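Read off the chains here:
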Amino acid sequence: MTVRSLFQRAVDILAASGIADPQVDAELLIGHVLGASRGRVQSLTVTDAPIGPEETLAIVEAVERRAAREPLQHITGTAFFRSLELSVGPGVFVPRPETEFVAGLAIDALRAVVPAGDPLLAEEAEPAAVDLGTGSGAIALALATEVPHARVVAVENSTAAFIWAKENFRRVGAPNSRLIFIDLADALPEEGGRFDVVVSNPPYIPLGAIPRDPEVRLHDPEHALYGGEDGLDVVRSVSQTAARLTRPGGTLVIEHGELQGADIRALLEADGWRATATHRDLTGRDRATTALR
């Protein structure tokens, strides 16, 4: 076999199984087995480099797993999120590109924190943020690495997800972050009113809704997907916990489904939040709602 023939075979198999971008997935799977970047795989494809039988078998097996709609990130063990490379697998929600937008809102809010009375000390202050239901740790670690003068706390109550998050905190090694195993409703009772930003990507799919993508429906953990009859059970807990944790003027950022913005704004306003606003992601869909304490 050669890389070119194996690549074309992989593309054909993945396209037939409904993969949205089979060329990209084929390059990533081949690169995973060969320990090569996508650019290197593309170069090997052009030169039609030969490939050994062991590597060929490993690539064929990886392609078959992906064709069965196992998430690409479960096969490679890696998910990329903003500037981070995270470990993921069964038991933890795979971070999505749209959540990078949500993290960006929280990062902007955290960077904007200015000590009362002296804007010149903004970079010397230690603003604080908490990620409620951190999953793989993606949002919390993005905050910690992109706002290094901030203090960041991540909260998770799933044992399986916590294991992945713990590995990612070790892997990234952000000294300004810490991870806590606790239910978000009970989180940080000793730190009421001490946080500038609270962010969460909670489960928000209504129980009666079934995700279209098999990668989500069959492989993402249910506790990270479903939020009760209307999808907002955990959002309600996030609102109440965030109200307890944020200082006056603090910011809340919540990810949600594209049809939930109005309901979440009403929910937050009923809990005393002000300046609620829903934001569209790069695809033009409502993706996050922010509010001020």
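Whatever comes next refers back to the structure up there.
Residues numbered from 1 in each chain as written. Predicted model: local features only at pLDDT ≥ 70, side-chain atom pairs only at ≥ 80, totals over all residues. Heavy atoms only, no water.

(A) Spatial organisation of the packing of aromatic side chains. Tallying each qualifying case throughout the model produces one aromatic pair. Between the aromatic rings of Phe162 and Phe181, the centroid separation amounts to 5.2 Å while the plane-to-plane angle is 85°, which identifies the pairing as edge-to-face. One end of the pair, Phe162, is in helix 8 (residues 159-172); the other, Phe181, is in strand 5 (residues 177-181), with 19 residues separating them in the sequence. Directly above the ring of Phe93 sits Arg96, whose terminal nitrogen or CZ lies 4.6 Å from the centroid. One cation-aromatic arrangement involves Arg293 over Trp273; the distance from NZ or CZ to the ring centre is 5.1 Å. (Phe/Tyr/Trp six-rings, centres within 6.5 Å; stacked < 30°, edge-to-face > 60°. Helix = DSSP H or I, 4+ residues; strand = E, 2+ residues; numbered from the N terminus. Lys NZ or Arg CZ within 6 Å of the ring centre and 35° of its normal.)

(B) Expanded view of the nonpolar core. Core analysis: the biggest nonpolar cluster contains 28 residues, and Phe81, Leu110, Leu143 and Val199 have the highest contact counts within it. For this core, the secondary structure elements donating two or more residues are strand 2 (84-87), helix 6 (97-111), helix 7 (138-146), strand 4 (151-156) and strand 6 (195-200). With residues near it in sequence (within four places) discarded, Val199 still touches Val102, Ala106, Val130, Asp131, Leu132, Ile139, Leu143 and Val253. By size, the runner-up hydrophobic cluster in this structure holds 24 residues, among which are Val198, Ala243, Ile254 and Trp273. (Core = buried A, V, L, I, M, F, W, Y, C linked by side-chain atoms within 4.5 Å. Buried < 20%, exposed > 50% of the residue type's maximum accessible area, 1.4 Å probe, protein only. Contact = heavy atoms within 4.5 Å.)

(C) Here's a closer look at the pairing of strand 6. Of all six residues in strand 6, six are buried, a share of seventy percent or more. Relative to strand 6, strand 3 (residues 128-132) runs parallel, the two being bridged by three bridges. Following the sheet pairing, Ala129 is matched in strand 6 by Val197. As defined by bridge partners, strand 6 adjoins strand 7 (residues 246-255) across five bridges and the pair is classed as parallel. What sits directly across from Val198, in strand 7, is Leu252. (Pairing = 2+ DSSP bridges.)

(D) Expanded view of the sheet that holds strand 9 (residues 286-292). The sheet built from seven strands is open, its strands ordered 5-4-3-6-7-9-8 with mixed pairing. Only two strands of the sheet have a single partner each, and these edge strands are strand 5 and strand 8 (274-280). Strand after strand, the sheet turns through a mean of 15° between neighbouring axes, direction not considered. With respect to the sheet, helix 7 is in contact with strand 3, strand 4, strand 5 and strand 6, its orientation differing from that of strand 4 by roughly 175°. (Axes fitted to C-alpha atoms, helices over the stretch in contact; angles between N-to-C directions.)

(E) Representation of helix 11 (residues 261-270) in the model. For helix 11, the complete set of buried residues consists of Gly261, Ile264, Leu267 and Leu268. Seen from one end, helix 11 has its buried residues packed into an arc of 125°, which puts them on one side. Just downstream of helix 11, Gly272 is the residue with a positive phi angle, here 95°. (Arc of directions from axis to C-beta.)

(F) Summary view of helix 1 (residues 3-16). Between its terminal C-alpha atoms helix 1 stretches 20 Å, which fits the 20 Å expected from 14 residues at 1.5 Å a residue. Among all positions in helix 1, only Val3, Leu6, Phe7, Ala10, Val11 and Leu14 are buried. All buried residues of helix 1 fall inside an arc of 135° around its axis, so they share one side. Those residues of helix 1 that are buried are in contact with helix 2 (22-34), helix 3 (38-47) and helix 4 (53-67). (Expected span 1.5 Å × (residues − 1).)

(G) Molecular detail of unusual backbone geometry. If you check the backbone angles, Leu188 has positive phi at about 50° while not being a glycine. Here Leu188 shows up in the loop between strand 5 and strand 6. Accessibility expressed as a relative area gives 4% for Leu188, which makes it buried.

(H) Molecular detail of the packing of helix 1 against helix 3. Two numbers describe how helix 1 lies on helix 3: the axes approach to 7 Å, and their chain directions differ by 115°. Taken together, helix 1 and helix 3 sit at an angle that is classed as roughly perpendicular. The residues of helix 3 that touch helix 1, namely those facing Val3, Arg4 and Phe7, are Val41, Leu44, Thr45 and Val46. Of the residues assigned to the contact of helix 1 with helix 3, the class counts are five nonpolar, one polar and one charged. (Parallel < 35°, antiparallel > 145°, perpendicular 65-115°, else oblique. Nonpolar A, V, L, I, M, F, W, Y, C, P; charged D, E, K, R; others polar.)

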